[in-house]
Amino acid sequence: MNLKKLGRTNLKVSEIGLGTEFLFRQPREVAKSVISKAIEHGINYFDVLFSVKQYLEKLAPVLKEHRENIIITGHIGTVENTEGRPKKTRNLKECSEEFLKILKILNIDYIDVINIQFVRENEFDKIMQKEGLYDLATSFMDQGKARFIGLSTHETQVIEKAANNKKFDTIMFPLNFINHNLEGRTEALALIKKNNIGLVAIKPFAAGNLLQYNRTVSFAKYQTGGISLKKKNPRDISPSKCLNYVTSIPEVSTVLMGVKNEEELSQNLGYSLSKENEKDFTKYIKLYQL
Ligand SMILES: NC(=O)c1ccc[n+]([C@@H]2O[C@H](COP(=O)([O-])OP(=O)(O)OC[C@H]3O[C@@H](n4cnc5c(N)ncnc54)[C@H](OP(=O)(O)O)[C@@H]3O)[C@@H](O)[C@H]2O)c1
């Protein structure tokens, strides 16, 4: 697995990382086997998206076992609701408690990247104001509970604000064939590069929609960074082609793929062994443009 620099942090991250959102509803054994196998194959970057207790408890033993050799992103910006589901919040007390809960249940001392999640353009200034969420993230850094600060968003306008503001070490954004020509994407990536920010790509398979072979699917805005599209997928699209597209974007440090079991992970890890013609994505870029 190739390693890349994560922007201005001193971290070297595997070019493919693992998102754990789709392990949320899976049994504990599946979460353990998927994460163990990912580590065996050189993946060192893991994204822990929510603070929901039963989800964290599934991830905890295996992440703890490998803690010294992996990089973990933990998020602030959602709280567990009474049904055990994540709910967006900007309440400082809730965000603080939920972050401490993540550390406690995972039984670890620190998170590598504390990430302010789901940031919309109209809330950016509030997040950055005195005693806002950014200050909360900084206070966790001061206490040694986090090493770097990131932000995730589905809006290129937020990337522009965050990059110009120069206070973020990483930015998470959906990247896949569909948003190749998204308005503002090229400029946003250029700003990320100029400011040496680590770009963590998400949704390489558009949340799985791109891998619905030979079927017509509706791509939602949250899967594409702002584009709605109904399209028939070709028969021969594959995980390797989707991953190769994203890892080929020079600004990307790592791409977080989601899987729901070991079988999907194995198929996707095939990317590292694929021949150039097997992962050639050039014809798909055009296919998915509006
Ligand atoms: N901070 C944020 O705002 C934020 C937001 C979103 C995501 N993320 C992170 O980014 C990660 C990646 O995004 P994502 O998981 O939503 O999207 P993704 O990687 O584009 O898609 C993941 C889904 O694709 C399908 N898939 C994967 N491999 C497959 C295979 N070999 N064959 C068939 N289907 C396959 C699976 O769903 P099915 O099998 O069910 O189709 C899987 O759950 C998340 O897990 C999360 O950690 C962060």
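Computed from a predicted structure; not experimentally measured. (Residues numbered from 1 in each chain as written. Predicted model: local features only at pLDDT ≥ 70, side-chain atom pairs only at ≥ 80, totals over all residues. Heavy atoms only, no water.)

Along the chain, the regular secondary structure elements total 11 helices and 14 strands. Computed over its C-alpha atoms, the radius of gyration of the chain comes to 18 Å, within 12% of the 19 Å expected for a compact globule of 290 residues. Projected onto its principal axes, the C-alpha positions of the chain cover 50 × 40 × 40 Å. Across the chain, contacts joining residues at least 24 apart in sequence account for 73% of those joining residues at least 6 apart. Taken as two groups, the 43 positive and 34 negative side-chain charges of the chain have centres that lie 3 Å from each other. (Helix = DSSP H or I, 4+ residues; strand = E, 2+ residues; numbered from the N terminus. Rg over C-alpha atoms; globule rule 2.2 N^0.38 Å. Contact = heavy atoms within 4.5 Å. Lys, Arg positive; Asp, Glu negative; His and termini not counted. Charge placed at Lys NZ, Arg CZ, Asp CG, Glu CD.)

On to unusual backbone geometry. Most peptide bonds take the trans form, and the phi angle of most residues other than glycine is negative. For N107, which is not glycine, the phi torsion reads 60° and is therefore positive. Within the secondary structure, N107 is located in the loop between α3 (92-106) and β8 (111-116). At K166, a residue that is not glycine, the phi angle is positive and equals roughly 60°. Its place among the elements puts K166 in the loop between α6 (156-165) and β10 (170-174).

All chains considered together, the criterion is met by 12 aromatic pairs. For the ring pair F124 and F168, a centre distance of 6.4 Å and an interplane angle of 50° mean the geometry is tilted. Taken together, the residues span a long stretch of sequence, with F124 in helix α4 (residues 124-128) and F168 in the loop between α6 and β10 at a distance of 44 residues. Classification of F124 by relative accessible area gives buried; the value is 4%. Overall, the relative accessible area of 0% leaves F168 in the buried class. In this structure an aromatic cluster arises from ring pairing among F177, F219, Y245, F281, Y284 and Y288. In this structure, K279 packs its charged tip against the face of Y271, placed 4.9 Å from the ring centre. (Phe/Tyr/Trp six-rings, centres within 6.5 Å; stacked < 30°, edge-to-face > 60°. Buried < 20%, exposed > 50% of the residue type's maximum accessible area, 1.4 Å probe, protein only. Lys NZ or Arg CZ within 6 Å of the ring centre and 35° of its normal.)

Moving on to a negative patch on the surface. Among the surface-exposed residues, E121, D125, E160, E183 and E187 lie close enough to one another that they form a single negatively charged patch. Summarising the element assignment, E187 is placed in helix α7 (residues 185-194). (Patch = residues over 30% accessible without salt bridge, like charges linked within 9 Å, V, L, I, M, F, W, Y side chains within 5 Å. Areas by Shrake-Rupley, 256 points an atom, 1.4 Å probe, with all protein chains shown as cover. Salt bridge = Lys/Arg side-chain N within 4 Å of Asp/Glu carboxyl O.)

A word on helix α5 (residues 133-142). Along α5, the residues that are buried comprise L133, Y134, L136, A137 and F140. The buried residues of α5 occupy an angular sector of 160° when projected down its axis, which confines them to one face. Each element contacted by the buried residues of α5 is listed here: β5 (71-76), α3, β8, α4 and β9 (146-152). Just beyond α5, the residue with positive phi is G144, at close to 80°. (Arc of directions from axis to C-beta.)

In this section: the packing of helix α1 (residues 28-40) against helix α10 (residues 262-269). Relative to each other, α1 and α10 sit at 20°, their axes nearing to 9 Å. Our classification of the angle between α1 and α10 gives roughly parallel. Crossing angle aside, the handedness with which α1 passes α10 is right-handed. In this structure, α1 contributes S33, V34, K37 and A38 to the contact, and α10 contributes E262, L265 and S266. Taken together, the residues of the contact of α1 with α10 break down into three nonpolar, two polar and two charged. (Axes fitted to C-alpha atoms, helices over the stretch in contact; angles between N-to-C directions. Parallel < 35°, antiparallel > 145°, perpendicular 65-115°, else oblique. Left-handed = near helix turned anticlockwise from the far one by under 90°. Nonpolar A, V, L, I, M, F, W, Y, C, P; charged D, E, K, R; others polar.)

Our next topic: the packing of helix α2 (residues 53-65) against α3. Here α2 crosses α3 at 50°, and the two axes come no closer than 8 Å. In terms of orientation, α2 and α3 fall into the oblique class. Along the contact surface, α2 presents K53, L56, E57, L59, A60, L63 and K64, while α3 presents K101, I102, I105 and L106.

Moving on, we get to the site of the ligand. In the vicinity of the ligand lie 26 residues, with D47, K203, K260, E264 and Q267 positioned nearest. Measuring from an oxygen atom of the ligand, one finds a backbone N or O atom of A207 at 2.9 Å. At 2.7 Å from an oxygen atom of the ligand is found a main-chain nitrogen or oxygen belonging to G258. Protein chains shield 92% of the accessible area of the ligand, which is 900 Å² for the free molecule. Of the residues belonging to the shell around the ligand, the class tally is 13 nonpolar, eight polar and five charged. (Near = heavy atom within 4 Å. Polar contact = N/O pair within 3.5 Å; in protein donor to acceptor, adjacent residues only side chain to side chain.)

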